[in-house]
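# Geometric and topological summary
Chain by chain, the residues run as shown.
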Amino acid sequence: MITLTTYPWVPDFAAPLMRAFRVRWALEEAGLPYSVRHVALGAEQCSPEHLARQPFGQAPAIEEGGLTLFESGAIALYIAEKSEVLMPRDDIGRMRAIAWLFAALNSVETAVQPLGEIVFFHEDANWAKERRPQVESFVRRRLASVEQALGDKAYLEGRFTVGDLMMVDVLRIIDSTHLIDGFPKLKAYKQRCEARPAFQRALTAQLEGFRQAA
Ligand SMILES: N[C@@H](CCC(=O)N[C@@H](CS)C(=O)NCC(=O)O)C(=O)O
């Protein structure tokens, strides 16, 4: 069984967004049971034991059998390979799903993360007020590109894959900005993915986990 390492507590704003969520969502889509190990932010996070799991002292990480894996993208891919719900069986479909997973992390998360940092940590700083229009403009370009690629399809490749899971979780980082409202098809796509029962189960589990540990 997979063991997911996550934090027992994070600030309220981060609770639904923490990257362990995308791992929980993938596990729920794949229908795989898992157990949770908690590592506390601070000293425990930097312990040799945790650094052996996650070289940057972050979360999430997973373990299964002899495998220890870090980076939410690699973990989502590992889980996806176990389930046709997340990963098409044909070679072309599989590689297209992987391309979208990379696009979510490399082309979209890199754009939305700086905006998330401004919104969550620096909103009132002068440098953030100056920088925000440029950052938002870059995010809008990325949202427009994803919406264009999506077109009228229900999912990026027509059927749901791990690429959609990662894209939607990345887009959640800027939920509080409502920038997605300018992109109705993308917004509907995100809502479609978030309405999946596995998404809902994962969110409940993540929030309940933090509540119980508090
Ligand atoms: N690229 C990593 C990022 C992991 C990450 O940023 N984790 C955050 C929680 S969402 C964390 O551990 N933050 C505490 C820290 O960096 O010290 C992944 O996708 O797994």
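The following paragraphs examine the structure supplied in this document. (Residues numbered from 1 in each chain as written. Predicted model: local features only at pLDDT ≥ 70, side-chain atom pairs only at ≥ 80, totals over all residues. Heavy atoms only, no water.)

### Observations concerning the overall build of the protein
- Looking only at helices and strands, the protein features 8 helices and 4 strands.
- Going from N to C terminus, the protein has its helices and strands arranged as β-α-β-α-β-β-α-α-α-α-α-α.
- Since a compact globule built from 214 residues should have a radius of gyration of about 17 Å, the 17 Å found for the protein is in line with a globular shape.
- In terms of overall dimensions, the protein has C-alpha extents of about 50 × 45 × 25 Å along its principal axes.
- Going through the 214 residues of the protein one by one, you find that 50% of them count as buried.
- For the protein, the proportion of contacts with a sequence separation of at least 24, taken over those separated by at least 6, is 70%.
- Summing over all exposed atoms, the protein offers an accessible surface of approximately 10400 Å²; the carbon and sulfur share of this is 55%.
- In the protein, the 25 positive side-chain charges and the 27 negative ones have mean positions that sit 3 Å from each other. (Helix = DSSP H or I, 4+ residues; strand = E, 2+ residues; numbered from the N terminus. Rg over C-alpha atoms; globule rule 2.2 N^0.38 Å. Buried < 20%, exposed > 50% of the residue type's maximum accessible area, 1.4 Å probe, protein only. Contact = heavy atoms within 4.5 Å. Areas by Shrake-Rupley, 256 points an atom, 1.4 Å probe, with all protein chains shown as cover. Lys, Arg positive; Asp, Glu negative; His and termini not counted. Charge placed at Lys NZ, Arg CZ, Asp CG, Glu CD.)

### Remarks on the site of the ligand
- As a matter of local geometry, the ligand sits amid Tyr 7, Met 18, Arg 19, Gln 45, Gln 58, Ala 59, Pro 60, Glu 71 and Ser 72.
- Gln 45 is positioned such that a nitrogen or oxygen atom in its side chain is 2.7 Å from an oxygen atom of the ligand.
- A distance of 2.8 Å separates a nitrogen atom of the ligand from a polar atom in the backbone of Ala 59.
- Protein chains bury 72% of the 510 Å² of accessible surface belonging to the ligand in isolation. (Near = heavy atom within 4 Å. Polar contact = N/O pair within 3.5 Å; in protein donor to acceptor, adjacent residues only side chain to side chain.)

### Re unusual backbone geometry
- Cis rather than trans, the peptide bond between Ala 59 and Pro 60 has omega equal to 10°.
- Although it is not a glycine, Glu 71 adopts a positive phi angle of roughly 75°.
- Following the sequence through the fold, Glu 71 ends up in the loop between strand 4 (67-70) and helix 3 (72-80).
- The exposure class assigned to Glu 71 is partly exposed, which follows from its relative accessible area of 41%.
- Phi at His 178 takes a positive value of approximately 60°, unusual for a residue other than glycine.
- By the secondary structure assignment, His 178 is in the loop between helix 6 (162-172) and helix 7 (184-194).

### Re the packing of aromatic side chains
- As enumerated under the stated definition, the model contains 7 aromatic pairs in all.
- For the ring pair Trp 25 and Phe 199, a centre distance of 4.9 Å and an interplane angle of 90° mean the geometry is edge-to-face. Separated by 174 residues along the polypeptide, Trp 25 in helix 1 (residues 20-30) and Phe 199 in helix 8 (residues 197-213) bring together distant segments of the chain.
- For Trp 25, a relative accessible area of 0% gives the class buried. (Phe/Tyr/Trp six-rings, centres within 6.5 Å; stacked < 30°, edge-to-face > 60°.)

### Remarks on the pattern of salt bridges
- Following the criterion strictly, the structure yields 20 salt bridges and no others.
- Salt-bridge contacts for Lys 190 lead to Glu 194; the nearest nitrogen and oxygen are separated by 2.9 Å. Taken together, the residues span about one helical turn, with Lys 190 and Glu 194 both in helix 7 at a distance of 4 residues. Accessibility classification places Lys 190 together with Glu 194 in one group, the buried group.
- Each of Arg 19, Arg 22, Glu 109, Asp 169 and Arg 172 takes part in salt bridges that share partners, so that together they form one network. (Salt bridge = Lys/Arg side-chain N within 4 Å of Asp/Glu carboxyl O.)

### Observations concerning the layout of surface pockets
- As a volume, the largest pocket reaches approximately 700 Å³.
- Secondary structure elements with two or more residues in the lining of the largest pocket: helix 3 and helix 4 (91-122).
- Classifying every residue of the lining of the largest pocket by side-chain character gives 14 nonpolar, 7 polar and 5 charged.
- Both domains that furnish three or more residues to the lining of the largest pocket are identified here as domain 1 (2-85 + 198-213) and domain 2 (91-196). (1 Å grid on protein atoms, 1.4 Å probe; cavity = no way out; pocket = protein on both sides within 12 Å on 5 of 7 lines; lining within 4 Å. Points joined across faces, edges and corners; volume = space filled by probe spheres on them. Nonpolar A, V, L, I, M, F, W, Y, C, P; charged D, E, K, R; others polar. Domains from an automatic or database assignment.)

### A word on the nonpolar core
- Judged by nonpolar contacts, the single largest core of 59 residues is most densely connected at Trp 25, Ile 79, Leu 86, Met 167 and Tyr 189.
- If you list the elements that add at least two residues to this core, you get strand 1 (2-6), helix 1, helix 3, helix 4, helix 5 (126-150), helix 6, helix 7 and helix 8.
- Top contributing element to this core by residue count: helix 4, with 13 residues.
- Counting only domains with at least three residues in this core, you end up with domain 1 (2-85 + 198-213) and domain 2 (91-196).
- Filtering out sequence-adjacent residues up to four positions away, Trp 25 remains in contact with Phe 160, Leu 165, Val 168, Asp 169, Cys 193, Arg 196, Ala 198, Phe 199 and Ala 202.
- The next biggest cluster of nonpolar side chains, apart from the first, holds 8 residues, and it includes Tyr 7, Met 18, Ala 20 and Phe 210. (Core = buried A, V, L, I, M, F, W, Y, C linked by side-chain atoms within 4.5 Å.)

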